[in-house]
Amino acid sequence: MLLALMIGVQAVTWGLAALGARYTANHAAQQTRVHGGTVAAGEADANAILASAVGNALNDPSVDIDRSATEVTVTVHGRATSIIPGFRPPVTVTVHAPVERLN
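Engineer: I'd like to hear about helix 1 (residues 2-33), residue by residue, with values.
Structural biologist: In a regular helix each residue adds 1.5 Å, so 32 residues correspond to 46 Å; helix 1 covers 46 Å between its end C-alpha atoms and thus fits that length. Tucked into the core, helix 1 has its buried residues touching helix 2 (39-54), strand 1 (58-67), strand 2 (71-80) and strand 3 (90-98).

Below you can see the structure in the form of structure tokens.
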């Protein structure tokens, strides 16, 4: 019974970490894709979100942002908080968005 409870809580912590990573990636992609947006602005936005909104739900986070002429790709990596000893589930979220064009 205790093992089932620990697995359930571990699933919830992984879900919260994945949700925080997705929110961070989406927000950074929007900041980077706008007209005049830069990779540096997206990274600064991602770091602010990770520090304030995500908090300890995502451990050891890293953000990779690539902006080409037509597309922005943001990948957030990290690990969920460990509930089961020795098990640190990885979290990876990738978001693609088109670069904003003004006609």
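Read on for the rest.
Engineer: Any chance you could break down the pattern of salt bridges for me, citing the residues and the numbers?
Structural biologist: The final tally for this structure, using the stated rule, is one salt bridge. A salt bridge links Arg 88 to Asp 60, with the shortest nitrogen-to-oxygen separation between them at 2.9 Å. Linking Arg 88 in the loop between strand 2 and strand 3 with Asp 60 in strand 1, this pair joins segments that are 28 residues apart in sequence.

Engineer: I'd like a description of helix 2, backed by residues and values.
Structural biologist: Turning to helix 2, its buried residues are Gly 42, Asp 45, Ala 46, Ile 49, Leu 50 and Val 54. Projection of helix 2 onto a plane perpendicular to its axis shows the buried side chains occupying an angular sector of 135°, all on one side. With respect to the buried face of helix 2, the exposed residues turned more than 90 degrees away are Ala 40, Ala 51 and Ser 52. On its buried side, helix 2 packs onto helix 1 and strand 1.

Engineer: Got a sec to walk through the sheet that holds strand 1? Specific residues and values, please.
Structural biologist: Paired through backbone hydrogen bonds, the strands of a sheet run either parallel or antiparallel to each other. Across the sheet, which stays open at both edges, the three strands sit in the order 1-2-3 with antiparallel pairing between neighbours. A single partner strand is all that each edge strand has here, and the edge strands are strand 1 and strand 3. Within this sheet the neighbouring strands show an average axis-to-axis angle of 10°, counted without direction. Looking at chain direction, strand 1 and strand 2 are connected through eight bridges and run antiparallel. Counterpart to Asn 59 in the pairing with strand 2 is Arg 79. Where helix 1 meets the sheet, its contacts fall on strand 1, strand 2 and strand 3, and the angle it forms with strand 3 comes to roughly 25°.

Reading guide: rules and limits
- Residues numbered from 1 in each chain as written.
- Predicted model: local features only at pLDDT ≥ 70, side-chain atom pairs only at ≥ 80, totals over all residues.
- Heavy atoms only, no water.
- Helix = DSSP H or I, 4+ residues; strand = E, 2+ residues; numbered from the N terminus.
- Expected span 1.5 Å × (residues − 1).
- Contact = heavy atoms within 4.5 Å.
- Salt bridge = Lys/Arg side-chain N within 4 Å of Asp/Glu carboxyl O.
- Buried < 20%, exposed > 50% of the residue type's maximum accessible area, 1.4 Å probe, protein only.
- Arc of directions from axis to C-beta.
- Pairing = 2+ DSSP bridges.
- Axes fitted to C-alpha atoms, helices over the stretch in contact; angles between N-to-C directions.

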